[in-house]
Amino acid sequence: MSWHNWGHSMVTLSLLSLCLLSLLGARGEVAPNFDNCKDSFFRNTPVSGLNIALPTPPEPNPEDLKNPEKCLSAYNAASPAYICQRNGNHYYFATLYDRGRRIPLYSAYEMDIKGVPDREGSIVYYEPQLVHPDLPPQQMDKRGSLGEIKKYNENIGCSERSPQYRQNYKLGWSQALNDNFGSYDRGHLNPAGHHKEDASKATMTHTNVAPQDGKMNNGPWNQYEKKLKDVLSVGCSKMYVVTGVVPSTTWVDQNKRVNVPSHYWNAYCCTDNNDKPLKSGGALGPNTDQGVVTEYNSVTVLETELRGLLNVDNNFNIFNGC
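Residues numbered from 1 in each chain as written. Predicted model: local features only at pLDDT ≥ 70, side-chain atom pairs only at ≥ 80, totals over all residues. Heavy atoms only, no water.

The name given to the protein chain in an unreviewed UniProt entry is Endonuclease domain-containing 1 protein, with the source organism recorded as Oncorhynchus tshawytscha.

**Describing the overall build of the protein chain**
A count of helices and strands for the protein chain gives eight helices and twelve strands. In the protein chain, buried positions account for 50% of the 322 residues. Roughly 15,600 Å² of accessible area belongs to the protein chain as shown, and the carbon and sulfur atoms make up 50% of that amount. (Helix = DSSP H or I, 4+ residues; strand = E, 2+ residues; numbered from the N terminus. Buried < 20%, exposed > 50% of the residue type's maximum accessible area, 1.4 Å probe, protein only. Areas by Shrake-Rupley, 256 points an atom, 1.4 Å probe, with all protein chains shown as cover.)

**Some thoughts on the pattern of salt bridges**
Enumeration according to the criterion identifies four salt bridges in this entry. As a salt-bridge pair, Asp-98 and Arg-101 come within 2.5 Å of each other at their nearest N and O atoms. Here Arg-101 falls in the buried class, since its relative accessible area comes to 12%. With its nearest N and O atoms 3.1 Å apart, the salt bridge here joins Glu-295 to Lys-227. You can see Glu-295 sitting in strand 12 (residues 294-296) and its partner Lys-227 sitting in helix 7 (residues 220-232), a full 68 residues away along the chain. By relative accessible area, Lys-227 is classed as partly exposed at 33%. (Salt bridge = Lys/Arg side-chain N within 4 Å of Asp/Glu carboxyl O.)

**Quick look at the nonpolar core**
General note: in soluble globular proteins, nonpolar side chains tend to be found buried as a group. Formed by 34 residues in total, the largest nonpolar core has its most connected members in Met-111, Tyr-224, Leu-228, Met-239, Val-241 and Tyr-268. Ranked by residue count, the leading element in this core is helix 7, at four residues. Filtering out sequence-adjacent residues up to four positions away, Leu-228 remains in contact with Met-111, His-194, Ser-233, Met-239, Val-241, Asn-266 and Tyr-268. Counting 29 residues, the second-largest nonpolar core is a separate cluster that includes Phe-41, Phe-42, Val-299 and Phe-316. (Core = buried A, V, L, I, M, F, W, Y, C linked by side-chain atoms within 4.5 Å. Contact = heavy atoms within 4.5 Å.)

**Some words on the pairing of strand 2 (residues 81-87)**
Counting buried positions over the seven residues of strand 2 gives six, a clear majority of the element. Pairing of strand 1 (residues 30-31) with strand 2, which is carried by two bridges, proceeds in the antiparallel orientation. Looking at strand 2, one finds that Val-30 is bridged to Ile-83. Pairing of strand 2 with strand 3 (residues 90-98), which is carried by seven bridges, proceeds in the antiparallel orientation. When the sheet's bridge partners are listed, Ala-81 is paired in strand 3 with Tyr-97. Between the antiparallel neighbours strand 2 and strand 3 lie two residues, among them Gly-88 with a positive phi of about 75 degrees. (Pairing = 2+ DSSP bridges.)

Dropping the structure here:
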C-alpha cells in the first residue's frame, strides 16, 4: 500500500472512529438536553422557562488535590442535569435535576393508562453519570454505583487516600443519598403506580424523589395520584404528565445538602389517538402535614400560579399547545 493510500485509509478510519464514539456518547443518560427521551413530553417539547437551578456546589480547595478535573465528583458539571431515566436498555422518562439543591425540579412521562399499576421494589437506584460522565448510563443500586466509581478511580489514578475521591463521598456529592432525607419521605415525582413492570421499577431512583412531608405524601398527594390514573385519564388515548416541585429556603439539615420543596405540583395533557389535546389540568399542594391539594381544570391557570411561586416569567410553559 502506498503512503498516500495508507494515509487516506487512516483518515477514514479516524473519522469512522469519531462517528462511532459520538453514537456511543449519545447513549448516555446525563446530557445537555432531552433528545434521547423527548417522547416523554407532549409533542416532544420539554418544559420551557424553568431556569431556577442552583449551580453545582464547588469542592473546597481543589488546587490541593491531584488531577481534580478528572477525579472530583461532578467537577464543573452543568446544573441542571438533563437525565433520560434509563433502566437496562430503555428510556422511560425525563428528569430535570437541580445539582445545587440535589433534588429533581420535575419529571415528565407518558402515563400507562391501561396498564395495571405496579410498584416493584423500593427506592434503591442512583445515577452514576452525575458523578462522572464516563460512567455507565444505566440506573444502578448503591453497590453497583460504588463499584463503578472504584473502577474509575483505579483506571484514572484517583487515590482514595484523598477523602474527596472516596466512593461514598463522590456519590453523595453528586446526588442525594438514602440517608439524606431526615424525617421526610422520599416523595416520588413520577409515581410507580402510573406504570407497570420495568417502567415502574425505573421510577425507584433517588433522582426522581424529593423530601416530602409524610402525611402529605401518604394522604392528599397519594389520593390525587390515584385520581389522575383512575378518573382524570378516562377518555384519553394518551396522558402526558409533568410533576415538579417548588424549591424553598428550607434544607433537610444545616449542611444544606438537600433542599425541602415548599410545594409539589402536577400538570397533565390528555390527548386522542392523533395526539390532539382533549383536556388539561393539574394540581398544587403545600409540602406540609396540613397541606391540601388544589386541583386546576386548566394548565394555563396552574402555570400562572406557579410563575409566582417559582419566580419565573411568562416564558415558563409546561406544555406547548395543550
